[in-house]
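# Summary of the model geometry
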Amino acid sequence: MTLRADETGGMFPPDLERATERLYAAFAHHPLPPDMEEACEHCVDPEVVGRFVRTPLRDLAPDQLGIYLSNPGTWGNGTELPHLVPRLLQAYAGGEMTHWWSPETVAYRIHGRWQDRSPAERTAVEEFFRAWWRWTLTSFPSTNPAWDLLDAVATLGLDVGPYLADFAELPGEEPARQLAEVLDSWRWGGSLSEEAERTLRSWLVGGTPGRLLWEAAVASAVAPVADELTEAAELADLLRDALNEEGV
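Residues numbered from 1 in each chain as written. Predicted model: local features only at pLDDT ≥ 70, side-chain atom pairs only at ≥ 80, totals over all residues. Heavy atoms only, no water.

## Re the environment of L84
- By secondary structure assignment, the location of L84 is in helix α4 (residues 81-93).
- A relative accessible area of 0% places L84 in the buried class.
- On a C-alpha basis, the gap between L84 and S185 in space is 30 Å, while along the polypeptide they are 101 residues apart. (Helix = DSSP H or I, 4+ residues; strand = E, 2+ residues; numbered from the N terminus. Buried < 20%, exposed > 50% of the residue type's maximum accessible area, 1.4 Å probe, protein only.)

Here's what the structure looks like:
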């Protein structure tokens, strides 16, 4: 059985736990619309629909959430999303949705009606993503790949600059190892939204990624990790030089 974040006895760090509760509080006034009891019977089993609408929000299981996300347009019309946002984000951050869609999928849904959200709701979502990101950078391996989460942040339309700055601000070897994986994902074709891509490229040209990786490689006491970070530092330098040649 997959444990939910609130069943693990503190699986989330304190700042992410607090952000989760603020998320639930900010969206608490949104009920599940009555029309969620209706869905295309060829697409979603009526028994699944009935069980979904009867289940308390915090108790919705990963499979229930995954089936919902897999049926846009045939089950729900978007008005149900505010009710579900807290549980969806909690489930993604807790690693419950690894067999379903990536975090970018739910970020795309939220962004579609971002301007309809109140300032308090937008703030709660932004604070949750930042706490989720910082937890990810200080864990290796992490519940979600850092690149997938950065993609979700960009999809939501948030400025990725402060998120990239966290690589330098957070202590330990883990942020550098996450940075190595982010650069590798970008090298092999990963892409972000246009504005986020510009921010990432500018950050690479500035040389910070290479500096962080070289420092971490020198400081690492574990040979395989030091080799991994050295290779990533060399890649960061190559990317910096290539982007400089492009005139970024």
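After that view of the structure, there is still more to cover.
## Some thoughts on the nonpolar core
- Within the largest apolar cluster, 78 residues are counted, with the highest numbers of intra-cluster contacts made by L89, F129, W132 and L213.
- The greatest single-element share of this core, amounting to nine residues, is contributed by helix α6 (residues 119-137).
- Apart from residues lying up to four places away in sequence, L213 is in contact with A176, L179, A180, L183, L229, A232, A233 and A236. (Core = buried A, V, L, I, M, F, W, Y, C linked by side-chain atoms within 4.5 Å. Contact = heavy atoms within 4.5 Å.)

## Some points on the side chain of T55
- If you trace the backbone, T55 turns up in the loop between α2 (46-54) and α3 (62-69).
- A distance of 2.6 Å separates a polar atom in the side chain of T55 from the backbone oxygen of R51.
- Ignoring any residue separated from it by four or fewer positions in sequence, one finds T55 in contact with L60 and Q64. (Polar contact = N/O pair within 3.5 Å; in protein donor to acceptor, adjacent residues only side chain to side chain.)

## Details of helix α12 (residues 223-246)
- Its 24 residues place the ends of α12 35 Å apart at the C-alpha level, agreeing with the 34 Å of an ideal helix rising 1.5 Å per residue.
- Here α12 has its buried residues at V225, A226, L229, A232, A233, L235, A236, D237, L239 and L243.
- In this fold, the buried residues of α12 make contact with α9 (174-187), α10 (194-205) and α11 (208-219).
- Where α12 ends, the next residue or the one after it, G247, has phi of about 80 degrees, a positive value. (Expected span 1.5 Å × (residues − 1).)

## Points about the confidence of the model for the chain
- On average, residues of the chain carry a pLDDT of 93, and 96% of them reach 70 or more.
- Within the model, pLDDT remains below 50 along residues 1-10, and this stretch shows 16 contacts once partners closer than five positions in the same chain are excluded. (pLDDT = per-residue confidence, 0-100.)

## Some details on the packing of aromatic side chains
- In this structure the tally under the stated criterion is nine aromatic pairs.
- Ring centres of F52 and W75 lie 4.9 Å apart, and the angle between their planes is 70 degrees; on these two criteria the pair is classed as edge-to-face. With F52 in helix α2 and W75 in the loop between α3 and α4, the pair connects residues that are 23 residues apart, well separated along the chain.
- F52 gets classed as buried once you look at its relative accessible area, which sits at 1%.
- By relative accessible area, W75 is classed as buried at 1%.
- Judged by centre distance (5.9 Å) and plane angle (65 degrees), the ring pair of F128 and W132 falls under edge-to-face. Residue F128 and its partner W132 are located together in helix α6, separated by four residues, close to a single helical turn.
- Judged by its relative accessible area of 0%, F128 falls in the buried class.
- Judged by relative accessible area, which is 0%, W132 ranks as buried.
- A connected cluster of aromatic rings, assembled from ring pairs, spans W133, Y163, F167 and W203.
- Over the aromatic face of Y68 sits the side chain of R109, whose NZ or CZ is 5.4 Å from the ring centroid.
- If you follow R130 out to its NZ or CZ, it ends over the ring of Y163, 5.3 Å from the centre. (Phe/Tyr/Trp six-rings, centres within 6.5 Å; stacked < 30°, edge-to-face > 60°. Lys NZ or Arg CZ within 6 Å of the ring centre and 35° of its normal.)

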